[in-house]
Amino acid sequence: MATSRSDALVFFGATGDLAYKKVFPALLAMTRDGDLEVPVIGVAKSGWTVKQLRQRARDSVREAAKERGEKVDKAVFDKLAARLQYVDGDYADPDTFTRLKQALGKAKRPLHYLAIPPGLFGTVVKALQRAGCADDARVVVEKPFGHDLASARRLNQALRSVFPDEAIFRIDHFLGKEAIMNILYFRFANSFLEPIWNRNHVASVEVTLAEQFGVKGRGAFYDGAGCLRDVIQNHLMQIVALLAMEPPAHEGFGAVHAEKTKVFQAMRPLGADDLVRGQYRGYRKEPGVAKGSDVETYCALRLFIDSWRWGGVPWYLRSGKCLPETVAEIRVSLKPPPQQLFDDAVTDPGRANYLRLRISPTTAMALAARIKRAGKDFVGDQRELLLMDEQTGAELPYERLLGDAMDGDGALFTRQEAVEAAWQVVDPVLARHHPAIPYRAGSWGPKQADALIAADGGWHNPVMDDAERTP
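Report follows, based on the coordinates. Bear in mind the structure is a predicted one, so any value in this text is a computation, not a measurement.

**Details of helix α4 (residues 94-104)**
Taken residue by residue, α4 has Thr96, Phe97, Leu100 and Leu104 as its buried positions. Down the axis, α4 shows its buried residues gathered within 90° of arc, on one side only. Every exposed residue of α4 that faces more than 90 degrees away from the buried side is listed here: Pro94 and Gln102. At its buried positions, α4 is contacted by β1 (8-12), β2 (40-44), β3 (84-88), β4 (110-114) and α5 (121-130). Looking at the residues trailing α4, positive phi occurs at Gly105, about 55°.

**Some words on the nonpolar core**
Phe12, Leu27 and Trp315 are the most contacted members of the largest nonpolar core, which has 144 residues in total. Residue contributions to this core peak at 12 residues, all from helix α9 (residues 227-244). Leu27 has contacts with Leu9, Phe11, Leu36, Val40, Leu80 and Leu402, leaving out every residue within four places of it along the chain.

**What to know about helix α11 (residues 397-407)**
Burial analysis of α11 places 10 of its 11 residues in the buried class, the great majority of the element. For α11, the set of buried residues is Pro397, Tyr398, Glu399, Arg400, Leu401, Leu402, Gly403, Asp404, Ala405 and Met406. Looking at the buried residues of α11, the elements they touch are α1 (17-32), β4, β5 (138-142), β6 (168-171) and α7 (178-189). Gly408 lies just past α11 and shows a positive phi near 75°.

**Side note on the packing of α1 against α11**
Contact pair α1 / α11: the axes reach a minimum separation of 8 Å and the direction vectors enclose 70°. The angle between α1 and α11 places the two elements in the roughly perpendicular class. Where α1 crosses over α11, the handedness of that crossing is right-handed. Every residue of α11 that contacts α1 at Leu18, Lys22, Ala26, Leu27, Ala29, Met30 and Arg32 is listed here: Tyr398, Glu399, Leu402, Gly403 and Met406.

**A word on unusual backbone geometry**
In this chain, Ser360 is followed by Pro361 through a cis amide linkage whose omega measures 5°. Structurally, the position occupied by Pro361 is in the loop between β12 (354-360) and β13 (364-372). For Cys322, which is not glycine, the phi torsion reads 60° and is therefore positive. Tracing the chain through its elements places Cys322 in the loop between β10 (314-320) and β11 (327-334).

**Some details on the packing of helix α2 (residues 50-67) against helix α3 (residues 74-83)**
Their axes nearest at 10 Å, the elements α2 and α3 cross at an angle of 150°. The way α2 lies across α3 gives a crossing that is right-handed. Of the residues in α3, those in contact with Arg54, Ala57, Arg58 and Val61 of α2 are Phe77, Ala81 and Ala82. Of the residues in the contact of α2 with α3, the class split is five nonpolar, no polar and two charged.

**Here's the deal with the sheet that holds β1**
Read across the sheet, six strands follow the order β3-β2-β1-β4-β5-β6 without closing on themselves; strand pairing throughout is parallel. Because the sheet does not close on itself, it has two edges, and the strands there are β3 and β6. Strand after strand, the sheet turns through a mean of 20° between neighbouring axes, direction not considered. As paired strands, β5 and β6 are joined by four bridges and run parallel to one another. Within β6, the position partnered with Val139 by the bridge is Ile168. Along the sheet face, α1 touches β1, β2, β3, β4 and β5 and points at about 170° away from the line of β1. Set on the sheet, α3 makes contact with β2 and β3; between it and β3 the angle comes to about 40°.

Conventions and cut-offs
- In this convention, every chain numbers its residues from 1, walking through the sequence in written order.
- Reporting in this predicted model follows two pLDDT cut-offs: at least 70 for local features of residues, and 80 or more for side-chain atom pairs to be given and counted; totals over whole chains, interfaces and linings ignore these cut-offs and use all residues.
- Excluded from the side-chain calculations are hydrogens and water; all other atoms, namely the structure's heavy atoms, are used.
- Only protein chains enter the accessibility calculation, which uses a 1.4 Å probe. A residue is then buried if its area is under 20% of the maximum for its type, exposed if over 50%, and partly exposed in between.
- Note on conventions: DSSP H or I runs of at least 4 residues are helices, E runs of at least 2 residues are strands, and numbering of each starts at the N terminus.
- It is the directions from the helix axis to the C-beta atoms that the arc portrays.
- Residue contacts are counted whenever heavy atoms from the two residues lie within 4.5 Å of one another.
- As used in this record, nonpolar core signifies buried Ala, Val, Leu, Ile, Met, Phe, Trp, Tyr and Cys residues forming a set joined through side-chain atoms within 4.5 Å.
- Axis angles are defined between N-to-C directions and span 0 to 180 degrees, where every axis is a line fitted to C-alpha atoms and, for a helix, only to the segment in contact.
- Any angle that falls under 35 degrees is termed roughly parallel, while one over 145 is termed roughly antiparallel, one within 65 to 115 roughly perpendicular, and all others oblique.
- Left-handed describes a crossing whose near helix is turned anticlockwise from the far helix by less than a right angle; the clockwise case is right-handed.
- Under the scheme applied, nonpolar residues are Ala, Val, Leu, Ile, Met, Phe, Trp, Tyr, Cys and Pro; charged residues are Asp, Glu, Lys and Arg; polar residues are all the others, including Gly.
- At least two DSSP bridges between two strands are required for those strands to pair.

If you want it as structure tokens, here you go:
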């Protein structure tokens, strides 16, 4: 298990939205790069044929290529299509898995990717076991990993009843982004940060993940999750862990996971006054959304990490839909100099030096420092030293993660201990919270969120120029 590569890829939910948007483009890229030389079996209950699934795959990769200004290599797609098989059937029907076993043929170490709602995970893994499809196999499950702490534990029990822990891969595509991995590298491959990367020099940390669009027809799913569960508890808290963790003892992913888990364990559990929930006007009219829904499409919170390094430093996290930009950005604000030496002494917290890390849609790093203006007076302006690092041909997150799962490499996947520790932070406010506040689509969310961060100069809304806006 530790070294052998999976010899078949099975993905459940093959006719669904996730497969269309992410999985098929990733499979094409893996085929192009020679990383997918095994049978690929889609499973779903749609009444489709393999011909229809191949057409769905063709439409998917064409649309993805068009968005990137590229064209699909016909020879590469034909190679993928030739490997693509399809099993149609209900996940609750044992015959579906009998036919899957037949489709696997001589495969001994399949990878089962569950691109399906979490409520079906237990049903599918048990059926895989009964059909003999789980022996020496691996399984990939999509976030969210549960609905709260209790359900996360039940989900883990269901998975562990069939698969050993090292064969379970909890996928969060955010962790497969090059910019996210660069946080870890940037922190520990450079020595200049360490002396100031602590409560003595950092005033606050701000993480924003904004989306211009709404729920895009996924109202039924979103109304059962909300922003806190869908984005904050996983994506943003993973970013916080990478920023806040202590240096791992060695390069191995086990050491990294251990240090990230310690960060989650040191986080102070949230209270109702630590967060502001918002809902864009018009959300309740979306298909699948309950008429009087109180589910948040925006969430802003103030978080504390009670550790020696970060004690007293506020971490501000926010995410939302129908905001002015689609962008993910980190801003680490440093404390001002201890002595107000010059005529333009920095007294406003918003004018202190900062480090800005852009995660998407482009990748950038910026260090802001004050530079003296020409002339006799000792006054200056804050300027950014900006480094943009766009690498063409970078692996798609799902391409990287599915390839790693087939290799049994768990470096970029979430561990159960970290999942539970993160849920413990947000669990207190999942049911006990203030009502969601309506906000105008195209705004930066409800004004009440400003009070959370007022002591640190207010939110810094990411603003992109034309160069930064183009991925």
